[in-house]
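# Coordinate inspection notes
Residues per chain, in single letters:
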Amino acid sequence: MIELQQLCRDFLIGDQTVHALDHLDLTIDSGEYLSVMGPSGSGKSTLLNMLGLLDRPSSGEYLLNTQVTSSLKEEQRAALRRDHIGFVFQSYHLLPRLTARENVELPLVLAGVAPKIRQATVDELLRRLDLSDRAAHNPSQLSGGQRQRVAIGRAIIMEPDLLLADEPTGNLDSKSGLEVMALLEELNAGGITLLVVTHDEEMGARAQRRLHMVDGRINQDWRPGRTERI
Amino acid sequence: MAVLTRIGGPVGPKEYEQALMRVYDLLAFNFRVITRQRVRSIMLLIAIAIGVLAINLLTGIGEGGKQFVLGEFNLLGKNVLIMLPGKKETTGGIPPLTGETTRDLTLQDAQAILRLAEVSAVAPLIPGKIEISHGRLSREAFTLGSNRAFFEMRQLDIAQGSILPDVPMDQAVAVCIIGSKLRRELFGNRPALGQWLRAGDSRFRVVGILKDRGQGLGLDMNDVIIIPVASAQSLFNTEGLFRIFIELRNLHDLDKSRDRITDLLKNRHDGEEDVTLIAQDSLLTAFADILDTMTLTVAGIAAISMLVAGILIMNVSLIAVSQRTREIGLLKALGLPARTVRIIFLSEAAMMATAGAIIGLLISELALFLARRVYPAVLFDTPNWAQVGSFIVAIVTALVFSAIPARRAANMAPVDALLDKKADQA
Ligand SMILES: Nc1ncnc2c1ncn2[C@@H]1O[C@H](COP(=O)(O)OP(=O)(O)O)[C@@H](O)[C@H]1O
Ligand SMILES: [Mg+2]
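Residue numbers run consecutively from 1 along every chain, following the written order of its sequence. Each chain is given a letter, starting from A, and each ligand a number, starting from 1, according to the order in which they appear as written. Per-residue local features of the predicted model are confined to residues with pLDDT of at least 70, and side-chain atom pairs are confined, for both listing and counting, to 80 or more; whole-chain, interface and lining totals are unaffected and use all residues. Working from all heavy atoms in the structure, the side-chain values ignore hydrogens and water.

### Quick word on the nonpolar core
Within the largest apolar cluster, 49 residues are counted, with the highest numbers of intra-cluster contacts made by A:Leu4, A:Leu51, A:Tyr62, A:Leu164, A:Leu195 and B:Phe345. Once residues lying within four places of it in the same chain are set aside, the contact partners of B:Phe345 are B:Val321, B:Arg324, B:Ile328, B:Ala406 and B:Ala409. Ranked by size, the runner-up nonpolar core spans 41 residues in total, among them B:Leu197, B:Val206, B:Ile244 and B:Ile261. We call a set of buried residues a nonpolar core when its members are Ala, Val, Leu, Ile, Met, Phe, Trp, Tyr or Cys and they connect through side-chain atoms within 4.5 Å of each other. Only protein chains enter the accessibility calculation, which uses a 1.4 Å probe; a residue is then buried when its area is under 20% of its type maximum, exposed when over 50%, and partly exposed in between. We call two residues contacting when some pair of their heavy atoms lies within 4.5 Å.

### Concerning the pattern of salt bridges
A pair is scored as a salt bridge if a Lys or Arg side-chain nitrogen falls within 4 Å of a carboxyl oxygen belonging to Asp or Glu. Under the criterion given, the structure shown has 24 salt bridges over all chains. B:Glu140 serves as the salt-bridge partner of B:Lys129, at 3.8 Å between the closest nitrogen and oxygen. Taken together, the positions of B:Lys129 in strand 2 (residues 119–134) and B:Glu140 in strand 3 (residues 137–146) put the pair 11 residues apart, joining distant regions of the chain. An identical accessibility class is assigned to B:Lys129 and B:Glu140; each is buried. Three or more residues joined by partner-sharing salt bridges are found here, namely A:Glu32, A:Arg209, A:Asp221 and A:Arg223. Secondary structure elements are taken from DSSP: a helix is a run of H or I of four residues or more, a strand is a run of E of two residues or more, and numbering for both begins at the N terminus.

### A short note on the side chain of A:Thr69
Residues and elements named next belong to chain A. Here Thr69 shows up in the loop between strand 5 (67–68) and helix 2 (74–84). At a separation of 2.8 Å, a polar atom in the side chain of Thr69 contacts the main-chain carbonyl oxygen of Tyr62. Ignoring anything within four residues of it in the chain, the contact list for Thr69 reads Leu53, Glu61, Tyr62, Leu64 and Arg77. Between N or O atoms, a polar contact is any pair within 3.5 Å; within protein, one atom must be a potential hydrogen donor and the other a potential acceptor, and residues adjacent in sequence are included only when both atoms are from side chains.

### Here's the deal with the interface of chain B and chain A
Listed by partner, the interface residues are 28 residues for chain B and 33 residues for chain A. Buried area is understood as the total, over both parts, of accessible area removed when two parts are fitted together, assessed with a 1.4 Å probe. A combined buried area of about 2900 Å² lies between chain B and chain A, and 62% of that area is made up of carbon and sulfur atoms. Between chain B and chain A we count 1 salt bridge in total. Salt-bridge contacts for B:Arg339 lead to A:Glu75; the nearest nitrogen and oxygen are separated by 3.0 Å. Linking chain B to chain A there are 3 residue pairs in polar contact (both at pLDDT 80 or more). A total of 8 residues in the side of chain B that touches chain A trace back to one element, the largest contributor, which is helix 2 (residues 13–35) of chain B. Charged residues are taken to be Asp, Glu, Lys and Arg, nonpolar residues to be Ala, Val, Leu, Ile, Met, Phe, Trp, Tyr, Cys and Pro, and polar residues to be all remaining types, Gly included. Of the residues belonging to the side of chain B that touches chain A, the class tally is 15 nonpolar, 4 polar and 9 charged.

### Comments concerning unusual backbone geometry
All names here are of chain A. Positive phi is not limited to glycine here, since Leu53 has a value of about 60 degrees. Mapped onto the fold, Leu53 is located in the loop between helix 1 (44–51) and strand 4 (59–64). For Leu53, a relative accessible area of 1% puts it in the buried group. A positive phi is found at Asp130, a non-glycine position, where the angle reads about 60 degrees. Along the chain, the position of Asp130 falls in the loop between helix 4 (115–128) and helix 5 (144–156). Overall, Asp130 belongs to the exposed group, its relative accessible area being 57%.

### Concerning the environment of B:Leu265
For B:Leu265, the location among the structural elements is in helix 8 (residues 254–268). When sequence neighbours within four positions are dropped, the list of residues in contact with B:Leu265 reads B:Met83, B:Leu105, B:Asp109, B:Ile113 and B:Val275.

### Some points on the packing of aromatic side chains
What counts as a ring pair is set by centres within 6.5 Å for rings of Phe, Tyr and Trp (its six-membered ring), and what kind of pair is set by the plane angle: stacked under 30 degrees, edge-to-face over 60, tilted for all other angles. What the rule picks out here adds up to 3 aromatic pairs over all chains. For the pair B:Phe150 and B:Phe151, a centre-to-centre distance of 6.4 Å together with 85 degrees between the ring planes defines the contact as edge-to-face. Looking at B:Phe150, the relative accessible area reads 1%, which means it is buried. On the numbers, 6.1 Å between centres and 50 degrees between planes, the contact of B:Phe150 with B:Phe245 is tilted. Of this pair, B:Phe150 sits in helix 5 (residues 148–153) while B:Phe245 sits in strand 9 (residues 243–248); the two residues are 95 residues apart in sequence, bridging distant segments of the chain. Accessibility assignment for this pair places B:Phe150 and B:Phe245 in one class, buried. Three or more aromatic residues link up through ring pairs in this structure, and these residues are B:Phe150, B:Phe151 and B:Phe245. In this scheme, Lys NZ or Arg CZ marks a charge over a ring once it lies within 6 Å of the ring centre and within 35 degrees of the ring normal. Over the aromatic face of A:Trp222 sits the side chain of A:Arg210, whose NZ or CZ is 3.8 Å from the ring centroid.

### Some words on the site of ligand 1
All names here are of chain A. The immediate surroundings of ligand 1 are formed by 13 residues, with Gly41, Gly43, Lys44, Ser45 and Thr46 found nearest. In this structure, Gly41 approaches ligand 1 through a main-chain N or O atom, which is 2.7 Å from an oxygen atom. A distance of 2.7 Å is found between an oxygen atom of ligand 1 and a side-chain nitrogen or oxygen belonging to Ser45. For accessible areas, the Shrake-Rupley method is used with a probe of radius 1.4 Å. Any residue's cover is judged against the shown protein chains and nothing else. In the complex, 70% of the free accessible area of ligand 1, which totals 560 Å², lies under the protein chains. For the shell around ligand 1, the secondary-structure elements that each account for two or more residues are strand 1 (2–13), strand 2 (16–28) and helix 1. The leading source of residues in the shell around ligand 1 is helix 1, at 3 residues. Taken together, the residues that form the shell around ligand 1 break down as 6 nonpolar, 6 polar and 1 charged. Any residue with a non-hydrogen atom lying within 4 Å of a molecule or strand is treated as near it.

This is how it looks when you write it as structure tokens:
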């Protein structure tokens with residue numbers, strides 16, 4: 001379970017302070033499927049980075065499973081990211097010199113999993129992602145949809161509780177975009193909490209809960225049968 | 001080991017094993033990344049290789065020179081003078097090492113010196129390196145062509161058999177005396193006396209084995225083969241003598257004896273003073289000079305080349321850090337702790353340094369091997385301390401100079417790194 005309390009994130013640009021997140025309150029239950037929409041610069045990515053422990057708040061508190069995260073050391077945050085959080089980015093962020101297989105395998109290496117177990121796990125996952133015949137290819141030899149599937153594979157190989165996707169279909173044609181969304185939703189059906197930032201109304205409408213952001217605030221929190229205007 | 005346990009955090013046996021695995025795998029992963037980054041890796045390799053090459057080559061040459069000079073006076077008695085071809089104009093300086101000879105010293109010169117009243121013995125010397133073989137075993141050995149008197153002057157004792165036969169210097173005899181180490185390596189436990197050795201195109205019968213003598217300052221006498229000087233002349237296809245050792249009956253009239261010998265040679269060489277005659281004490285002084293200069297030069301050049309390598313490593317690594325900003329950000333986002341990022345960069349530097357050092361070492365060995373071919377008289381050989389030392393210095397340099405880049409990489413905030421706009425999409 002995730003809880004943000006009066007959370008702020010300010011950036012100093014020149015002598016101007018930008019409130020990328022402005023006193024945000026938000027509670028997310030385990031297993032929820034949320035989409036985050038809103039104009040460019042409204043703070044969607046900043047929110048995702050915050051939830052993913054990639055960034056620290058300027059003020060306010062972020063509780064992860066009732067644990068206060070501000071007191072965690074960088075080392076502990078890294079371990080939490082590794083074991084509990086998966087990221088999917090618009091621009092994939094694959095390591096160009098590693099093969100698809102090695103990219104998917106990477107978190108297991110970081111976690112110190114034995115090669116034998118790694119191999120079995122990666123094989124199984126590549127099959128599920130329909131990437132078995134692409135395993136030995138470098139990212140540059142893959143299509144956009146395939147790259148994003150590799151990135152998703154890397155994000156879920158550690159079986160995280162929370163999957164954060166920042167415009168995962170932004171660089172994809174509509175067919176591969178839909179495939180990627182279907183894959184993410186399948187994972188959510190398996191119990192993972194899923195947050196998807198998107199510009200696409202149709203994609204956003206697939207979520208059970210839809211956040212809309214403007215100027216660092218959530219101005220709409222929609223759930224089936226209940227709309228909150230803040 | 002301490003490092004490994006720290007990465008894993010708390011330590012049970014399982015955690016320890018995991019930590020070990022993680023480091024091992026990260027290195028393996030990293031190795032793949034390095035080998036797929038050609039230009040950068042090659043630059044680093046070259047920088048390190050040059051540094052190591054410099055150290056090994058310079059000390060190898062220095063050591064060759066040192067052994068060469070030491071070999072001159074090592075164990076020589078005070079009443080022994082050394083004659084070498086070529087005239088050194090200034091006195092008290094460094095005697096010529098290779099001898100830019102105007103005229104060869106010949107066996108006839110040596111025989112003429114021996115006829116002088118104040119001279120009790122003369123030992124000519126032609127050194128060289130040549131392939132020695134017996135049966136299927138073969139190795140390169142330092143070969144000395146000389147005579148019977150040489151053994152006494154150099155205080156070489158015989159463990160088995162006899163020294164060179166008492167024959168005129170210009171008479172070639174197919175016999176040899178070998179050092180104990182050479183004997184072991186060619187014959188093992190089988191008897192060597194009376195056996196035939198092949199040296200180049202000639203064959204020699206082993207008539208004596210030198211008594212074991214620890215590695216002295218000069219040449220390792222356990223590892224030599226001694227043959228009659230006339231045989232060495234034909235073996236190495238040379239007329240000229242490298243040195244003539246002259247033993248005086250007494251030391252009373254040293255200066256007068258020197259003059260007599262010099263005059264004799266001048267007469268024999270059409271009135272030209274084209275040989276150098278030195279006594280042990282002047283050699284010692286000259287040797288000290290050489291050694292000091294050499295040590296300083298070696299240390300200086302090696303230090304500079306390593307410094308250059310280090311700075312190159314630092315720059316290249318800094319470039320690498322900024323090129324790999326997104327990569328590092330991603331790894332951190334995936335949960336790689338800062339200190340592991342540091343270890344990755346340091347281990348990469350260490351790996352490159354090791355590979356570069358090996359390359360440098362191989363090139364220097366090859367160069368010295370060729371040098372020995374060209375100047376067989378000088379035993380160019382890198383001392384072990386320099387080989388080990390250059391390795392350590394290379395790795396330490398690489399680690400020290402990649403510390404700053406590694407630190408920068410480790411301290412990068414994951415989100416900033418991921419947002420790096422410069423990098424293109426992958
Ligand atoms: N690292 C940063 N440094 C400075 N300003 C930033 C940084 N990240 C985000 N911002 C600013 O914060 C605001 C929100 O950005 P972002 O969360 O990326 O918006 P969105 O993802 O909704 O387009 C923007 O005004 C942006 O310029
Ligand atoms: Mg964004």
